[in-house]
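Survey of secondary and tertiary structure
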Amino acid sequence: MKAFRSMVLVSSDPESMERGAQDVFSALQKGLADFGLEEEISLSMISDVSKSGMDPLVLVYPDAVIYGSVTPKDIPHIVEEHLYKGRVVAEKQIPPYDLTGRVAWLSARKGSLPAENRIVLKNVGLIDPENIDDYIINDGYEALGKVLKEMTPEETINEIKNSGLQGRGGAGFPTGLKWQFVRAAKGDKKYVICNADESEPGTFKDRLVLEGDPHAIIEAMLIAAYAVGADEGFVYIRGEYGLAITRMQKAIEQARAYGLLGEDIFGSGLSFNLHVHAGAGAYICGEETALIESIEGNRGEPRARPPYPTTAGLWQKPTVVNNVETLANIPAIIRNGAAWYKAIGTPSSPGTKVYTILGNVNVTGLIEVPMGITLREVISIYAKGMKNGAAFKLAQTGGSSGSIIPASLQDTPMDFDSYKKAGVSLGSGALLICNEDTCVVDLARVLLNFFRFESCGKCNPCRIGNQRSYEVLTNVSEGVGTEQDLKDLQMMSDQLYELSNCGLGQTAGSPLRDILAHFRAEVEAHTKLKVCPAGICKMSGRRVYQID
Amino acid sequence: MAVRVKEGQDVRKIVRTLVEQHGSEKAELIPILHEINGQFGYISDEAIKELSEQMTLPTSHIYSVATFYRMLSTEPRGRHVIQFCESAPCHVAGGRLVWEKLQSELNLSKGETSEDDKWTLLTTSCLGVCGVGPVMIIDNDIYGNVAPEQVPDILGNYE
């Protein structure tokens, strides 16, 4: 590789692009050429994990200076002052601690604030995702080398089992156990699938990993393939994630060119071919059996289970399906060992969790923190408090299939076990934080609107239950709801949970259950007093849906 | 906007070329439908019939797949397709008012195409750019932090 004295990176996630990152990049190219610095300073675009409001970012290394809200007009000055003369342009600089991701770089001390701990997002925003060498320099493919040279497939599986890693897609199933099932399953052909159909509203962690560190996913899938005995894999990326799709395709080509994908990789006997499959717009395809149907060229309708994909998955062959975030943990676990990983997080839920913080808070964005921190800590430390000092009312976790968390649970440790005991779910890691101006009936209505559209329609409880719940909620929000309507909502929530075929239907009713359990008085104000306490619902007194 | 194939171009011929490129295995159906949708703006009955012959799949199967996925359309759409995110994070960030403004500005409701074939107005589920909600996508351009008063200016960018 060529040696550069400095490295300049421009954030190129969709949010930055929308704010003119491309023009900033062009201006930098021109600026560097004007001063004859092209041979000394490298320039690349990177995906970035930044707080919104500051994009696009320009990062200068090794100085570790970050410029925020950069426009093309700022560039000549930055190039001349900083890159040419070596003087930092203070007025465009943003303090590192203002970046959500950066809070974390404070080292973790016992008894101190829970510091951010980057495993999944280790490279995101720091390396050029379109350059395999950048990944390799940052310990890339080291874990693959380790398993191929030093470990048997069984030892690899045991290492993952001992680490306690649980699936990060929402269900929290132990990853090592899943691998073991597939290894044990009989079959001449096995598959590894990366579930990158991230569609939970409010969740975009997987997109940032795919855009910012695609080789980590390839490496993890290679390790999985070695462990379970698979020779072919698919990365199923939702169709809307255009940048992620092209970056992943490019990464696969580079890995193939380096002999990291293909036949008999490095003479190890492991052969693995990897394909990208772009989704076509269907939330349900995040459900693993629906995803498999979709790859096969069918409607994305979930299958009846059992048999599970571990024994009869893609084309009825044993198949591992792992979420992007789950896979992104794998190389680090292999490199550092299971004991290292288990020391992070809580005993029952080791490791870190990536959250997307959204809603009525001062700082929105992505954080990766050890399992077990509380909602109160997230809001006060990482989100820097509620916007305009408003009171916290509720948080909605894990996109639409998460739970509505009332203020009374904001000191419950956020890990799979503690949340389960409290009757709520961590879901996929979105945290939509809402203030007092949020009406729970309106929120539940929006969530149910999502489900009635995204239900695949295969089973009745989900197809009819979501539509009917939406209609009842609409009537409640118009001020024509009755006591019976609330009973019906409770009933439909229970039936969705008990009777639906797949996870979508089973969780779709949880907003209904949550608002009736935690915000009963507010809901009853709509039906009994015909008042929306938050002042959001129309309360027109007009019956929108006639329900018999 | 996707590059539109001009009127009169042979749909069947293009479909045959796509099947040759991708192969006729069933797993290629969705990628091929993606391409047809991209080139023509929608998937016509004629395209479905030709695909059925080339891939030896029932037309009913192809139609059921084409109508299942949100990014595929079996109806012609306007020259510009607006997708407005109606998921909770955008809603909480003020999306409702933007949506009302969009409808009144275009005089269209959800799912409708304007009479001059300029606009199709759709809602969509989360697009994964929630950090800058409310979000809408026109063709392939993403607009974030949209305020109702910006809507006319944004629409004015399109011919």
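About the criteria used
- Residues numbered from 1 in each chain as written.
- Chains lettered and ligands numbered in written order.
- Predicted model: local features only at pLDDT ≥ 70, side-chain atom pairs only at ≥ 80, totals over all residues.
- pLDDT = per-residue confidence, 0-100.
- Helix = DSSP H or I, 4+ residues; strand = E, 2+ residues; numbered from the N terminus.
- Pairing = 2+ DSSP bridges.
- Axes fitted to C-alpha atoms, helices over the stretch in contact; angles between N-to-C directions.
- Domains from an automatic or database assignment.
- Contact = placed C-beta atoms within 7 Å.
- Nonpolar A, V, L, I, M, F, W, Y, C, P; charged D, E, K, R; others polar.
- Core = buried A, V, L, I, M, F, W, Y, C linked by C-beta atoms within 7 Å.
- Buried ≥ 20, exposed ≤ 12 C-beta atoms within 10 Å, placed from the backbone.
- Arc of directions from axis to C-beta.

Note: predicted coordinates in regions of low pLDDT should not be interpreted at a detailed level. Residue and element names in this part refer to chain B. With 94% of its residues at a pLDDT of 70 or more, chain B shows a mean pLDDT of 90. No element of chain B has a lower mean pLDDT than strand S4 (residues 141–143), which averages 85, and none a higher one than helix H4 (residues 59–68), which averages 97. Predicted as a complex, the structure gets a pTM of 0.83 and an ipTM equal to 0.91.

Residue and element names in this part refer to chain A. The strand order S2-S1-S3-S4 describes an open sheet built from 4 strands, whose pairing is mixed. The open sheet has two edge strands, strand S2 (41–46) and strand S4 (65–67), and neither has a second partner. If you compare each strand with its neighbour and ignore which way they point, the axes differ by 20° on average. Here 3 bridges tie strand S3 (residues 58–61) to S4, and the two strands are oriented antiparallel to one another. In the strand pairing of S4, Val 58 is matched with Tyr 67.

A separate point is the domain arrangement of chain B. Looking at chain B, the domain boundaries give domain 1 (11–68) and domain 2 (80–155). Look at where the C-alpha atoms of domain 1 of chain B and domain 2 of chain B centre, and you get two points 29 Å apart.

A few words on the interface of chain A and chain B. On the side of chain B, 30 residues touch chain A, which itself brings 42 residues to the contact. Of all elements in the fold, only helix H1 (14–18), helix H12 (288–295), strand S9 (352–359), strand S13 (430–435) and helix H18 (440–454) of chain A reach the threshold of two or more residues within the side of chain A that touches chain B. Here the side of chain A that touches chain B takes 7 residues from H18(A), the largest share from any one element. Of the residues belonging to the side of chain A that touches chain B, the class tally is 17 nonpolar, 17 polar and 8 charged.

To continue, consider the confidence of the model for chain A. For chain A, the mean per-residue pLDDT works out to 88, and 93% of the residues sit at or above 70. Low pLDDT, under 50, characterises residues 97–114 of chain A; the stretch is placed with 34 contacts to residues that sit more than four places away or in other chains.

All names here are of chain A. When the domains of chain A are assigned, the result is domain 1 (6–94), domain 2 (132–339), domain 3 (352–435) and domain 4 (440–529). One C-alpha centre belongs to domain 3, the other to domain 4; they are set 22 Å apart. The interface of domain 3 with domain 4 comprises 5 residues on the first partner and 10 residues on the second. Of the residues contributing to the side of domain 3 that touches domain 4, the split by class is 2 nonpolar, 3 polar and no charged.

Our next topic: the nonpolar core. Residue and element names in this part refer to chain A. In terms of nonpolar packing, the biggest core is built from 182 residues, with Ile 217, Met 221, Ile 223 and Ile 433 touching the most fellow members. Take this core: its biggest share by element is 12 residues, from helix H10 (residues 214–228). Not counting chain neighbours up to four residues away, the residues in contact with Ile 433 comprise Ile 357, Leu 358, Gly 359, Asn 360, Val 361, Ile 379, Ala 383, Phe 392 and Ala 395. Residues Val 8, Leu 43, Met 54 and Ile 66 belong to the second largest nonpolar core, which totals 24 residues.

On to the environment of Ile357(A). All names here are of chain A. Within the secondary structure layout, Ile 357 lies in strand S9. For Ile 357, a count of 27 C-beta atoms within 10 Å translates into the label buried. Considering only alpha carbons, one finds Ile 357 and Ile 433, 76 residues apart in sequence, at a separation of 7.3 Å.

Looking now at H4(B). Residue and element names in this part refer to chain B. Residues of H4 that are buried: Ile 62, Val 65, Ala 66 and Phe 68. Buried positions in H4, seen along its axis, are confined to an arc of 160° and lie on one side of it. If you follow the buried residues of H4, they end up packed against helix H2 (29–40) and helix H3 (45–55).

This part takes up the pairing of strand S1 (residues 6–11) of chain A. Residues and elements named next belong to chain A. Bridge count between S1 and S2: 6 bridges; the pairing is parallel. When the bridges of S2 are listed, Val 8 appears paired with Leu 43. In this sheet, S3 lies alongside S1 in antiparallel orientation, the contact comprising 4 bridges. Bridged to Leu 9 within S3 is Leu 59.

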